[in-house]
Amino acid sequence: YLAGYARSMGHDVAVRDLAGREDSLEAALSDLEADVFGITCTTPQYPQALRILELLRKRQRVPLVVTGGAHPSSAPDKCLADGFDTVVVGEGEVALDKVARSGLRGIVREAYVKDLDAIPLPARDLIDIRSYGYSISGGKATTLITSRGCPHQCAFCSKDVWQKGVRFHSSERVLA
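Below is a short write-up of the structure. Residue positions are counted from 1 within each chain, in the order its sequence is given. Totals for whole chains, interfaces and linings use every residue, but because this is a predicted model, local features are given only for residues with pLDDT of at least 70 and side-chain atom pairs only at 80 or more, for both listing and counting. Calculation of side-chain values draws on the structure's entire complement of heavy atoms; hydrogens and water are dropped beforehand.

### Description of the sheet that holds strand S4 (residues 106-109)
The condition that has to hold: At least two bridges found by DSSP between two strands is the condition for calling them paired. We count a stretch as a helix when DSSP gives it H or I for four or more residues in a row; a strand needs E for two or more, and each element gets its number in order from the N terminus. For every element, the axis is a line fit to its C-alpha atoms; helices are fit only across the contacting stretch, and the angle between N-to-C directions ranges from 0 to 180 degrees.
Read from one edge of the open sheet, four strands run S1-S2-S3-S4, paired in parallel fashion. Of all the strands in the sheet, the pair left with one neighbour each is strand S1 (36-40) and S4. In this sheet, neighbouring strand axes are inclined to one another by 25 degrees on average, regardless of whether the strands run parallel or antiparallel. Examined bridge by bridge, S1 and strand S2 (residues 64-68) share five bridges and lie parallel to one another. Across the sheet, residue Ile 39 finds its bridge partner in S2, namely Thr 67.

### Points about the side chain of His 71
The condition that has to hold: For every residue, the accessible area obtained with a 1.4 Å probe (protein chains only) is divided by the maximum for its type, and the residue is called buried under 20%, exposed over 50%, and partly exposed between those limits. For this analysis, residues touch if any pair of their heavy atoms sits within 4.5 Å.
Note that His 71 resides in helix H4 (residues 70-74). His 71 gets classed as buried once you look at its relative accessible area, which sits at 13%. Those residues within four positions of His 71 in sequence are excluded, and the remaining contacts are Cys 41, Thr 42, Thr 43, Tyr 46 and Cys 79.

### With respect to the side chain of Arg 167
Quick reminder of the rule: In protein, a polar contact means a hydrogen-donor-capable atom and an acceptor-capable atom, both N or O and within 3.5 Å, with residues adjacent in sequence counting only if both atoms are side-chain atoms; elsewhere, any N or O pair within 3.5 Å suffices.
For Arg 167, the position within the fold is in strand S8 (residues 165-168). Classification of Arg 167 as buried rests on a relative accessible area of 14%. Engagement of the side chain of Arg 167 in a polar contact is seen with the backbone oxygen of Val 113, the distance being 2.5 Å. With residues up to four places along the chain from it excluded, the contact list for Arg 167 reads Glu 91, Tyr 112, Val 113, Lys 114, Leu 116, Ser 147 and Arg 148.

### Regarding the packing of aromatic side chains
Stated formally: Aromatic pairing here means that ring centres of Phe, Tyr or Trp (its six-membered ring) are within 6.5 Å. Orientation follows from the plane angle: under 30 degrees is stacked, over 60 is edge-to-face, and everything else is tilted.
Evaluation of the coordinates by the stated rule reveals one aromatic pair. Relative to Phe 84, the ring of Tyr 46 lies with its centre 6.3 Å away and its plane at 40 degrees, an arrangement referred to as tilted. A residue pair is termed long-range when its members are at least 10 positions apart, and Tyr 46 in helix H3 (residues 46-57) and Phe 84 in the loop between helix H5 (76-81) and strand S3 (86-89) qualify at 38 residues. Residue classification places Tyr 46 among the buried positions, given a relative accessible area of 6%.

### Remarks on the environment of Tyr 134
Examined against the element boundaries, Tyr 134 turns out to sit in strand S5 (residues 134-136). Looking at Tyr 134, the relative accessible area reads 48%, which means it is partly exposed. Excluding residues within four positions of it along the chain, Tyr 134 makes contact with Gly 139, Lys 140, Ala 141, Thr 142 and Thr 143.

### Observations regarding the nonpolar core
Put simply, the rule reads: Take the buried residues of types Ala, Val, Leu, Ile, Met, Phe, Trp, Tyr and Cys, join any two whose side-chain atoms come within 4.5 Å, and each joined set is a nonpolar core.
Counting 19 residues, the largest nonpolar core has Ile 39, Ile 52 and Phe 84 as the members making the most contacts within it. Of all elements in the fold, only helix H2 (25-29), S1, H3 and S3 reach the threshold of two or more residues within this core.

### Observations concerning the layout of surface pockets
If a probe as big as a water molecule is rolled over the atoms, it shows which places are left empty. Put simply, the rule is: Only protein atoms enter the calculation, which uses a 1 Å grid: trapped sets of points that fit a 1.4 Å probe without letting it out are cavities, open sets showing protein on both sides within 12 Å along at least five of seven lines are pockets, and any residue with an atom within 4 Å of a point is a lining residue. Grid points are joined across faces, edges and corners, and a volume is the space filled by probe spheres set on the points. Here the term charged refers only to Asp, Glu, Lys and Arg, the term nonpolar to Ala, Val, Leu, Ile, Met, Phe, Trp, Tyr, Cys and Pro, and the term polar to all other amino acids, Gly among them.
By volume, the second largest pocket is sized at about 180 Å³. Taken together, Tyr 1, Leu 121, Pro 122, Arg 124, Leu 144, Ile 145, Thr 146, His 169, Arg 173, Val 174, Leu 175 and Ala 176 make up the full set of residues lining the second largest pocket. A class-by-class count of the residues in the lining of the second largest pocket yields eight nonpolar, two polar and two charged.

### So, H3
For an α-helix the count is 3.6 residues per turn, leaving residues at separations of three or four pointing the same way. Put simply, the rule reads: Each residue after the first adds 1.5 Å to the expected span of a helix.
Here H3 spans 16 Å end to end across twelve residues, near enough to the 16 Å set by a 1.5 Å rise per residue. Listed in full, the buried residues belonging to H3 are Tyr 46, Gln 48, Ala 49, Ile 52, Leu 53, Leu 55 and Leu 56. The elements touched by buried residues of H3 are H2, S1, S2, H4 and H5.

Take a look at the structure:
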């Protein structure tokens, strides 16, 4: 979603899926050059995000390194203290565009997107979508996000970060 939105705003975008590549991060990043690097992570992925940050900081030209996702949204001050330049809290489409345009540093929060259908389709062409596939009843399947938010108030959730309530894509958008 972030890549699709960034492209729609005129940014050149590359995605490097590093899941399962813990032993080859340096090689996986070696050919990437950018002004802004974005790293998304959950809490279990945070140690790998820190390793990626460390590898990016070793470059001669140090880019702006942004992090977002569930863990950074729940612990933004910790992420800044660990060396990230910018931490996006909550939804990232509009925030990442602003960071890329202006070089914003620190904690960045933007209003939640009210009309989810206004967000461009995900840039699935930038990843190997087949690597995310599942076999269901003998056919290929993958995930599809049809809404954002949650109607529940679970005590263990990072609900303080995320908007209360649920927003849905239209049925026409889901079919597209």
